[in-house]
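So you can see what is in the structure, the chains are spelled out below.
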Amino acid sequence: MIIREYRENDLPDMIAIWNEVVEEGNAFPQENPFCCREEAASFFASQNRTAVADDDGKVAGLYILHPNNIGRCGHIANASYAVASSERGRGIGKALVLDSLSAAKALGFRILQYNAVVSTNLIARKLYQDLGFTSLGTIPGGFRRKDGSYEDIVPYFRTCI
């Protein structure tokens, strides 16, 4: 498996993976999946980096990387990760996070920050902690689930490598 910049022909797989995570409703803030290829293409192209986990020609996961803020806080990046449910548990998330840290540094970012890790996303939280991210505390009720209930979120940060 390699992590590489996405290509136009990756879009159908990327859309399917992204929309799967959005539809699951327990990780991403987006409420609506991409409606069409054009919407997704514009979104992915607008990022500082969009990369995929290429497993022998099959897209198994992806990430987006962009500034978390502007101006005096523009040196802080933010990223989101999506792994196909059929590919989870194989270390793809770890590979994506490590690549995003390296890419963030190459793009001039000093810090990578996650604003809204859902507290019950224990696999992601363990991964971030294992990779040296620091929790910034808990925001009670910061994430609204599909059923309308609220769940805590935990921001994390780490310097770029």
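Before reading on, note that the structure itself is shown above.
The present account deals with the structure reproduced in this document.

### Points about the pairing of strand S7 (residues 139-144)
Point 1. The pairing of S7 with strand S8 (residues 150-159) spans three bridges and is antiparallel. From the neighbouring strand, Ile 139 faces S8, where its bridge partner is Ile 153.
Point 2. Counted along the chain from S7 to the antiparallel partner S8, the turn is five residues long, and its residue Gly 148 has a positive phi close to 90 degrees.

### Structural notes on the environment of Glu 5
Point 1. If you trace the backbone, Glu 5 turns up in strand S1 (residues 2-5).
Point 2. Each C-alpha atom, one on Glu 5 and one on Ile 139, is 33 Å from the other, the two residues being 134 residues apart in sequence.
Point 3. Non-local contacts of Glu 5, meaning those with residues more than four positions away in its chain, are made with Asp 10, Arg 49, Thr 50 and Ala 51.
Point 4. Among the polar contacts listed, one links the side chain of Glu 5 to the side chain of Arg 49, at a separation of 2.7 Å.

### Remarks on the side chain of Asn 19
Point 1. Note on placement: Asn 19 falls in helix H1 (residues 11-24).
Point 2. In this structure Asn 19 comes out as buried when scored by relative accessible area, which is 13%.
Point 3. A distance of 2.7 Å separates a polar atom in the side chain of Asn 19 from the backbone nitrogen of Phe 34.
Point 4. Once residues within four sequence positions are removed from consideration, Asn 19 is found in contact with Pro 33 and Phe 34.

### A word on the pattern of salt bridges
Note that side chains of opposite charge can pair when their charged atoms are close.
Point 1. The full count for this structure, using the stated rule, is 13 salt bridges.
Point 2. Between Arg 4 and Asp 54 there is a salt bridge, and its shortest N-O distance comes to 2.8 Å. Placement of the pair is Arg 4 in strand S1 and Asp 54 in strand S2 (residues 49-55), with a sequence separation of 50 residues. The pair Arg 4 / Asp 54 is uniform in exposure class, with both members buried.
Point 3. Between Asp 99 and Arg 49 there is a salt bridge, and its shortest N-O distance comes to 3.0 Å. Taken together, the residues span a long stretch of sequence, with Asp 99 in helix H3 (residues 92-106) and Arg 49 in strand S2 at a distance of 50 residues.
Point 4. Several salt bridges converge on common partners, so that one network encompasses Asp 55, Lys 58, Glu 87 and Arg 90.

### Looking at the side chain of Asn 78
Point 1. By the secondary structure assignment, Asn 78 is in strand S4 (residues 76-83).
Point 2. Within polar-contact distance, the side chain of Asn 78 engages the side chain of Asn 68 at 3.4 Å.
Point 3. At 2.9 Å, the side chain of Asn 78 forms a polar contact with the backbone oxygen of Gln 113.

### Overview of the environment of Leu 107
Point 1. Tracing the backbone through its elements, the reader meets Leu 107 in the loop between H3 and strand S5 (111-118).
Point 2. Leu 107 gets classed as partly exposed once you look at its relative accessible area, which sits at 42%.
Point 3. Each C-alpha atom, one on Leu 107 and one on Asp 13, is 26 Å from the other, the two residues being 94 residues apart in sequence.
Point 4. Discounting residues that sit within four places of it in the chain, Leu 107 has contacts with Asn 48, Arg 49 and Leu 65.

### Topic: the nonpolar core
Point 1. Core analysis: the largest hydrophobic core is formed by 27 residues, its most contacted members being Leu 65, Tyr 81, Val 97, Leu 112, Tyr 114, Tyr 128 and Phe 133.
Point 2. Among the elements that make up this core, the one with the highest residue count is H3 (six residues).
Point 3. Other than its neighbours up to four places away in sequence, Leu 112 contacts Leu 65, Ala 77, Asn 78, Ala 79, Tyr 81, Ser 100, Leu 101, Phe 133, Tyr 156, Phe 157, Arg 158 and Cys 160.

How each quantity is defined
- Per chain, residue numbering runs from 1 following the sequence as it is written.
- Per-residue local features are limited, in this predicted model, to residues with pLDDT of at least 70; the limit for side-chain atom pairs, both in listing and counting, is 80 or more; totals at the level of whole chains, interfaces and linings are taken over all residues.
- To get the side-chain values, all heavy atoms of the structure are used, and hydrogens and water are removed first.
- Only strands joined by at least two bridges in the DSSP assignment are considered to pair.
- Runs of H or I in DSSP of at least four residues are treated as helices and runs of E of at least two as strands, each being numbered from the N terminus.
- Any two residues whose heavy atoms approach within 4.5 Å at even a single point are treated as in contact.
- In the analysis that follows, any N or O atom pair within 3.5 Å is treated as a polar contact, provided that within protein one partner can donate a hydrogen and the other can accept it, and provided that, for residues neighboring in sequence, both atoms belong to side chains.
- Whether a residue is buried, partly exposed or exposed follows from its accessible area with a 1.4 Å probe, protein chains only, as a fraction of its type maximum: under 20%, in between, or over 50%, in that order.
- We count a salt bridge whenever a side-chain nitrogen from Lys or Arg sits within 4 Å of a carboxyl oxygen from Asp or Glu.
- Only buried Ala, Val, Leu, Ile, Met, Phe, Trp, Tyr and Cys residues count toward a nonpolar core, and they belong to the same one when joined by side-chain atoms within 4.5 Å.

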